Amino acid sequence: MEGMVITMKAIILNEFGDPNVLSYLDIETPEIKDNECLIKVAYTSVNYADIKTRNGKKGKGNFPLILGLDCTGTIVDAGPKSLFSIGDRVIAFPKNGSYAENVIANEQLVFKIPDSLTFEQAAAMPTVSILSYILLHEIGQIQKSDSIVIHSAAGGVGSMLVQMAKITGVQKIIATVGSKDKANYVKKLGADVVCTYDTFSEEVLKQTDHKGANIIFDSVAGDVTKLSLDCLALYGTLVQFGNSSGEAGVIKTSDVHSSCRNIKGFSLGTTRKHNPARLAPIIKNVIELFEEKQIVLPIAKIFNLNDAAEAHKLIESRNYEGKVLLKV
């Protein structure tokens, strides 16, 4: 492919702003370097991180840029010493965004998927399920005897955390949602108790004989972090992995030392960049869970790539359950 100028469609961001700044354009198809693959994208997922990048709340703008954390598709080019072959079905974390017909990914961040897994289900999987698995088993280190709280439980990561906690056999799963009409959805996934953000702290204490939750998974931050600390048990762990509220959560040293509680933070983006080798064994476990249908990630809606702005509007409305995908 070297030397040939081949174009492809992509969603390009040239400035920060509302969903209307997303442009559907022809750009040059990238070429691979050593240890990279070129992937023809089938689907890419839309994550809340994409919204934050688009509106300038996550990182600086090195324009033009392509949004998107992950994708699923087929290998169309790989190096001579590659572990991948043309035609392999894969999930990947691309180098420069995934809202495009073709993407480049470092081989360490490309993973084969079985034929039994559809592209749609695989596309819903990478970011949210890998993140959830690490949060539960490595960061939170959940035990069957735990009572846990999962914030934003109807979203992509929340949906996955609830299911994974359920199949692990956690004693009590308390979930929070932005509006009560999402309660049935979250209960079907496996939550024992569902409440809204304004009542969860009292509800957690009520459900735990006033001992508090052993582990709280917080991707919201802001006031939710303070309320979480109000109902976190002695020796409990607050796992902080996002701030979808747009506000930082405030933690004082007095919140932790005398109560023997701890705060742990995690970022999948940081791990992809600085420790990608950590992901391979996790992905193997996650793919097995999907293949055996122990967990399913409901697809809220699928948009065509050129309708990315509409997908962003849906994510920002928070009026959805499960994952939002772009079909390429």
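Attention in this report is confined to the structure presented alongside it. As the structure is a computational prediction, the values presented were derived from the model and not from experiment. (Residues numbered from 1 in each chain as written. Predicted model: local features only at pLDDT ≥ 70, side-chain atom pairs only at ≥ 80, totals over all residues. Heavy atoms only, no water.)

So, on to the nonpolar core. Judged by nonpolar contacts, the single largest core of 58 residues is most densely connected at Leu-135, Ile-148, Val-186, Phe-217 and Leu-279. By residue number, the principal contributor to this core is helix H3 (residues 126-139), which donates eight residues. Here Val-186 is in contact with Ala-153, Ala-154, Val-162, Ala-175, Val-177, Ala-191 and Val-194, once residues within four sequence places are set aside. Membership of the second largest hydrophobic core comes to 36 residues, among which are Cys-37, Ala-92, Val-103 and Leu-326. (Core = buried A, V, L, I, M, F, W, Y, C linked by side-chain atoms within 4.5 Å. Buried < 20%, exposed > 50% of the residue type's maximum accessible area, 1.4 Å probe, protein only. Helix = DSSP H or I, 4+ residues; strand = E, 2+ residues; numbered from the N terminus. Contact = heavy atoms within 4.5 Å.)

This part covers helix H7 (residues 223-230). Regarding H7, the residues found buried are Val-224, Thr-225, Ser-228 and Leu-229. Angular distribution of buried residues about the axis of H7 spans 140°; they occupy a single face of the element. The exposed set on the far side of H7, more than 90 degrees from its buried face, consists of Asp-223 and Lys-226. (Arc of directions from axis to C-beta.)

As a further point, take the environment of Lys-57. When you line up the elements, Lys-57 lands in the loop between helix H1 (48-54) and strand S4 (71-78). Separated by 270 residues in the primary sequence, Lys-57 and Lys-327 have C-alpha atoms spaced 26 Å apart.

What follows deals with the packing of aromatic side chains. The description of an aromatic ring pair uses the distance of the two centres, along with the angle that the planes make with each other. Summed over the entire model, instances satisfying the criterion amount to one aromatic pair. The ring centre of Phe-119 lies 4.4 Å from the NZ or CZ of Arg-89, which sits over that ring. (Phe/Tyr/Trp six-rings, centres within 6.5 Å; stacked < 30°, edge-to-face > 60°. Lys NZ or Arg CZ within 6 Å of the ring centre and 35° of its normal.)

On to the sheet that holds strand S11 (residues 213-218), then. Strand order in the open sheet formed by six strands is S10-S9-S8-S11-S12-S13, with parallel pairing between adjacent strands. Each edge of the sheet is formed by a strand with only one pairing partner; in this case those strands are strand S10 (193-196) and strand S13 (262-265). Strand-to-strand twist of the sheet, defined as the mean angle between neighbouring strand axes without regard to direction, takes the value 20°. Taken together, the four bridges between strand S9 (residues 172-177) and S10 define a ladder with parallel strand orientation. Opposite Ile-174, over in S10, you have Val-193 as the bridge partner. Sheet strands in contact with H7 are S11, strand S12 (232-240) and S13, and its direction is about 155° off that of S12. (Pairing = 2+ DSSP bridges. Axes fitted to C-alpha atoms, helices over the stretch in contact; angles between N-to-C directions.)

Right, let's get into the pairing of strand S15 (residues 323-327). Among the five residues in S15, four count as buried, and that is most of the element. Sheet topology note: the strand S3 (residues 36-46)/S15 ladder contains four bridges and is antiparallel. The residue of S15 that forms the bridge with Ser-45 is Leu-325. Bridge count between strand S14 (residues 299-304) and S15: five bridges; the pairing is parallel. Paired with Lys-301 across the two strands is Val-324, which belongs to S15. Crossover connection from S14 via helix H10 (residues 308-317) to parallel S15: handedness right-handed. (Right-handed = clockwise from strand over helix to strand, strands pointing away.)

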